[in-house]
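# Descriptive analysis of the structure
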Amino acid sequence: MRITRLTAGIGLAAVAVLGLTACNSGSPTVGGGATEEGGDALWEVATDVSLEGSPTYDRMVERDKVVIGVKNDQPGLGYEDAVSGERTGFDVDIARWIAASLGFDESQIEYQTIPSANREQAIVNGDIDYYVGTYSITDSRKQQIDFAGPYFITGQGLLVAADDDSITGPDDLAGKVVCSVTGSTPLQRIRDEYAPGDTVENDTYSQCVEQLKQGQVDAITTDEAILAGYVALEPDALKIAGEPFSEERYGVGLPKGDTVLKDHINALLTDGGDVWTSLFDTHLAPAGISGEQPSVDQ
């Protein structure tokens, strides 16, 4: 087990946010991000991290890198540029912030795009060290994995074509075709609590967006924070219909029983409010999303 140089990670993380946003140059993001002209990103990582008793951290140290599960098709949250391969968004920078607090810089991060339906299994199998990607904390998921956080709270909404006034909320879905991703909380809720004409499942929300634009589905349902990113990219084609109709608490997915790592991340979130606010203002506020940092679960 590596015992690295023990100092507080929070103070350095406040500086690290400059490097995190600087890493975003070259990719489309909601609201953009700070960039460093003509040079490498400014990266500051925490020193002297001690996570004695965390098997997940031991695994990171042994391989000298952290493997993080993320999304790649959610503008403003978790997005991968198709040309450059750069990762951007609020969730991605939360993931980077955590990695920095553990002593890993950008060159020591491996991102894996994991579909919603496969997230728990990827964590259980040890394919990834943690997951940050619009991952709602639910009791059923906590039977297999643990969560740190929440680090953000949003609500389920509906995305429709900009010229469609027939849907103003979930009660208008009778006879309508609604798209979402396999294994998602919003898909299950829309089936259990409302009465759509039909539902369509895809691996990614971007596939749903293409089907909506082509008239193959009438609406997309997922968290409003995700939907707002697509509206920000195509405001003439898409709009959010009505108000949120649930509460979704985003957490960091962790291996079951690793309370040491969970406590470390919760402490980072609790003490790092300035960093959280900077990331929120960079990625989500410009899309019209409102919110404040929630308290973590104890």
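Look at helix α3 (residues 90-101) against helix α9 (residues 273-283): their axes get within 9 Å of each other, and the N-to-C directions meet at 155°. Classed by the angle they form, the pair α3 and α9 counts as roughly antiparallel. Once α3 is placed against α9, the crossing between them reads as right-handed. Note on element contacts: α9 touches α3 through Val 275, Trp 276, Leu 279, Phe 280 and His 283, opposite Phe 90, Asp 93, Ile 94 and Trp 97. Per-class residue counts for the contact of α3 with α9 are seven nonpolar, one polar and one charged.

Let us now look at the side chain of Arg 141. Counting through the fold element by element, Arg 141 comes out in the loop between β6 (130-131) and β7 (145-154). A polar contact is formed between the side chain of Arg 141 and the backbone oxygen of Gly 183, at a distance of 3.3 Å. With sequence-adjacent residues up to four places away left out, Arg 141 is seen in contact with Arg 119, Glu 120, Tyr 135, Ser 136, Phe 147, Gly 183, Ser 184 and Thr 185.

Strand pairing within a sheet occurs via backbone hydrogen bonds; the two strands may be parallel or antiparallel. Read from one edge of the open sheet, five strands run β10-β9-β11-β8-β12, paired in mixed fashion. The open sheet has two free edges, formed respectively by β10 (198-202) and β12 (238-241), since each of these has just one partner strand. Direction aside, the axes of adjacent strands within the sheet are offset by 35° on average. Pairing between strand β9 (residues 177-181) and β10: five bridges, direction parallel. Each residue of the ladder has a partner; that of Val 181, found in β10, is Asn 202. Against the sheet, helix α5 (residues 185-193) touches β8 (156-161), β9, β10 and β11 (219-223), its axis set at about 165° to β10. Along the sheet face, helix α6 (residues 205-213) touches β8, β9, β10, β11 and β12 and points at about 150° away from the line of β11.

Calculation notes
- Residues numbered from 1 in each chain as written.
- Predicted model: local features only at pLDDT ≥ 70, side-chain atom pairs only at ≥ 80, totals over all residues.
- Heavy atoms only, no water.
- Axes fitted to C-alpha atoms, helices over the stretch in contact; angles between N-to-C directions.
- Helix = DSSP H or I, 4+ residues; strand = E, 2+ residues; numbered from the N terminus.
- Parallel < 35°, antiparallel > 145°, perpendicular 65-115°, else oblique.
- Left-handed = near helix turned anticlockwise from the far one by under 90°.
- Contact = heavy atoms within 4.5 Å.
- Nonpolar A, V, L, I, M, F, W, Y, C, P; charged D, E, K, R; others polar.
- Polar contact = N/O pair within 3.5 Å; in protein donor to acceptor, adjacent residues only side chain to side chain.
- Pairing = 2+ DSSP bridges.

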